[in-house]
Amino acid sequence: MSESRAQLIRENSERAGVAMSMHGAYYISLASKNPETREKSKQRLVNGLHWAPKMGVKRIVFHPGGYGGLSKHEAYEVVRAALREVWAHNEDLLGKVWLAPEIAGKLSMFGSQDEIISICRDVDGCIPTIDWAHLHARTQGRINDRDSFIEVLNRFEDALGNLFTKNMHFHISGITYTEAGEQSHRPLGSEWGPDLLPLLQIVKENGYKPTFISETPEPVKGALYAKILLEELESTEE
Ligand SMILES: [Zn+2]
């Protein structure tokens, strides 16, 4: 990234009325066994925070990484401490940019519902990214219908309140999975879960205003599919 490129991105997004979010580096591993990797991972988030306002970005989505051979409890404490440290260097950005840790699709990765909720509750400056495909894969397909979607949303809302409802950030895609969780992303609206329609119905009924990011193999197709489905729902009411 450069100053001029960042400015161009910000100006274009403002002109187009597009809310900008950024995906942090994929090689972040906050609880790595290797202390150098832990340091570099924090630095990558600090870098993201540095560039975000210049690019007009309000949310930095990221994967915290694996458990680094630690118990889940220990890994949680390491990740929490790392994120608090990242913010300690960037207090002036609190409230302007969010770090948005994401539900992980693989069971070997830090990022269960409870872990993401707890991090967002314990660290100022964090909001959750619910990746519905990852959640579907992580639960072996259980999260796939109206009741299970409502259960998830209630859990986040009960724990985080407005922090969640005012800053909803969702990833959507079809997905395949094994016992280990996520295998690969697939198109929306085909044979692969999770089923998007009930989720959109809930969003509409409750007047939620989430940002949806399509993570299908062809992201624009996924985004258009979701947009058309939502518009269809909105027009049937009238
Ligand atoms: Zn995602």
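Residues numbered from 1 in each chain as written. Predicted model: local features only at pLDDT ≥ 70, side-chain atom pairs only at ≥ 80, totals over all residues.

Draft legend 1. Structural context of the pairing of strand S6 (residues 174–178). Of the strand pairs in this sheet, S6 and strand S7 (residues 181–186) are connected by five bridges, and their pairing is antiparallel. Bridge pairing in S7 places tyrosine 177 opposite glutamate 182. The hairpin formed by S6 and S7 contains two residues between the paired strands. (Pairing = 2+ DSSP bridges. Helix = DSSP H or I, 4+ residues; strand = E, 2+ residues; numbered from the N terminus.)

Draft legend 2. Layout of the sheet that holds strand S5 (residues 169–172). As summarised here, the arrangement of the three strands in space is S4-S5-S8, forming an open sheet in which the pairing is parallel. With partners counted over all chains shown, the strands left at the sheet margins are strand S4 (129–131) and strand S8 (211–214), one partner each. Strand-to-strand twist of the sheet, defined as the mean angle between neighbouring strand axes without regard to direction, takes the value 25°. Relative to S8, S5 runs parallel, the two sharing four bridges. Paired with phenylalanine 170 across the bridge in S8 is phenylalanine 212. (Axes fitted to C-alpha atoms, helices over the stretch in contact; angles between N-to-C directions.)

Draft legend 3. Molecular detail of the nonpolar core. In this structure, Ile60, Val79, Leu83, Leu99, Phe110, Cys126 and Ile172 are the most contacted members of the largest nonpolar core, which totals 51 residues. Here this core gets six residues from one element, more than from any other, and that element is helix H3 (residues 72–88). Ignoring any residue separated from it by four or fewer positions in sequence, one finds cysteine 126 in contact with Leu83, Trp98, Leu99, Pro101, Ile119 and Cys120. (Core = buried A, V, L, I, M, F, W, Y, C linked by C-beta atoms within 7 Å. Buried ≥ 20, exposed ≤ 12 C-beta atoms within 10 Å, placed from the backbone. Contact = placed C-beta atoms within 7 Å.)

Draft legend 4. Examining the domain arrangement of the protein chain more closely. Annotation of the protein chain at the domain level lists domain 1 (1–9 + 18–127) and domain 2 (131–140 + 160–231). The distance between the C-alpha centroids of domain 1 and domain 2 comes to 21 Å. Tallying the contact residues gives 17 residues for domain 1 and 17 residues for domain 2. Residue assignment for the side of domain 1 that touches domain 2 shows that the elements contributing at least two residues are strand S3 (98–101) and helix H4 (113–122). Among the elements that make up the side of domain 1 that touches domain 2, the one with the highest residue count is H4 (three residues). Among the residues making up the side of domain 1 that touches domain 2, the classes are represented as nine nonpolar, four polar and four charged. (Domains from an automatic or database assignment. Nonpolar A, V, L, I, M, F, W, Y, C, P; charged D, E, K, R; others polar.)

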